[in-house]
Amino acid sequence: MNKIGFTFSGVFVITGVITLIITKIINLVMPKIGLVAFQARMAGSYSPKEYHINFLGVNFIAICLIVLGIVFGYLFYKRETK
């Protein structure tokens with residue numbers, strides 16, 4: 001088995017999963033930070049939608065990393081078993 005390739009495919013999967021977790025945490029925390037800033041400043045109006053960040057492109061790349069990591073890991077594993 002190409003151990004370096006298999007290892008990097010695992011790194012791809014882990015990187016993709018961590019990216020998805022971080023973007024989810026940011027989208028959960030940012031509206032709360034916006035509310036605190038609004039309450040401290042008392043200026044304008046507060047809307048949670050204003051603090052939602054669109055991570056569509058980042059999440060798409062993370063999902064691609066996960067899929068590619070799984071596919072390459074499978075290919076490296078199958079190459080060894082033949």
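What counts, and at which threshold
Residues numbered from 1 in each chain as written. Predicted model: local features only at pLDDT ≥ 70, side-chain atom pairs only at ≥ 80, totals over all residues. Heavy atoms only, no water. Phe/Tyr/Trp six-rings, centres within 6.5 Å; stacked < 30°, edge-to-face > 60°. Helix = DSSP H or I, 4+ residues; strand = E, 2+ residues; numbered from the N terminus. Expected span 1.5 Å × (residues − 1). Bend = angle between axes of the 7 residues up to and from the residue. Buried < 20%, exposed > 50% of the residue type's maximum accessible area, 1.4 Å probe, protein only. Contact = heavy atoms within 4.5 Å. Axes fitted to C-alpha atoms, helices over the stretch in contact; angles between N-to-C directions. Parallel < 35°, antiparallel > 145°, perpendicular 65-115°, else oblique. Left-handed = near helix turned anticlockwise from the far one by under 90°. Nonpolar A, V, L, I, M, F, W, Y, C, P; charged D, E, K, R; others polar. Polar contact = N/O pair within 3.5 Å; in protein donor to acceptor, adjacent residues only side chain to side chain.

Draft legend 1. Up close: the packing of aromatic side chains. Taken as a whole, this structure holds one aromatic pair when the rule is applied. For the ring pair phenylalanine 72 and phenylalanine 76, a centre distance of 6.5 Å and an interplane angle of 35° mean the geometry is tilted. Here phenylalanine 76 and phenylalanine 72 lie together in helix 2 (residues 56–81), a separation of four residues that amounts to about one turn.

Draft legend 2. Layout of helix 1 (residues 3–41). For helix 1, spanning 39 residues, the distance from its first C-alpha to its last is 55 Å, which sits close to the expected 57 Å at 1.5 Å a residue. Along helix 1, the helix axis deviates most sharply at valine 29, where the bend reaches about 25°; the proline proline 31 sits within four residues downstream. Every buried residue of helix 1 is accounted for by Gly5, Ser9, Gly16, Thr23, Pro31 and Gly34. Elements that come into contact with the buried residues of helix 1 comprise helix 2.

Draft legend 3. View of the packing of helix 1 against helix 2. It is at 8 Å that the axes of helix 1 and helix 2 come closest, and there the two elements cross at 155°. The angle between helix 1 and helix 2 places the two elements in the roughly antiparallel class. Crossing geometry of helix 1 relative to helix 2 is assigned as left-handed. On helix 2, the residues touching Gly5, Phe6, Ser9, Phe12, Val13, Thr15, Gly16, Val17, Thr19, Leu20 and Thr23 of helix 1 are Val58, Asn59, Ala62, Ile63, Leu65, Ile66, Gly69, Ile70, Phe72, Gly73, Phe76 and Tyr77. Considered class by class, the residues forming the contact of helix 1 with helix 2 number 14 nonpolar, nine polar and no charged.

Draft legend 4. Representation of helix 2 in the model. Taking 1.5 Å as the rise per residue, helix 2 with 26 residues should run 38 Å; its terminal C-alpha atoms sit 38 Å apart, in good agreement. If you follow the buried residues of helix 2, they end up packed against helix 1.

Draft legend 5. Summary view of the environment of valine 67. Topologically, valine 67 is positioned in helix 2. Spatially, the C-alpha atoms of valine 67 and phenylalanine 6 are 14 Å apart, while their sequence positions differ by 61 residues.

Draft legend 6. Just the side chain of threonine 23, in detail. Mapped onto the elements of the fold, threonine 23 is located in helix 1. Side-chain polar atoms of threonine 23 contact the backbone oxygen of leucine 20, separated by 3.0 Å. Leaving out residues up to four positions away in the same chain, threonine 23 has contacts with Phe55, Val58 and Asn59.

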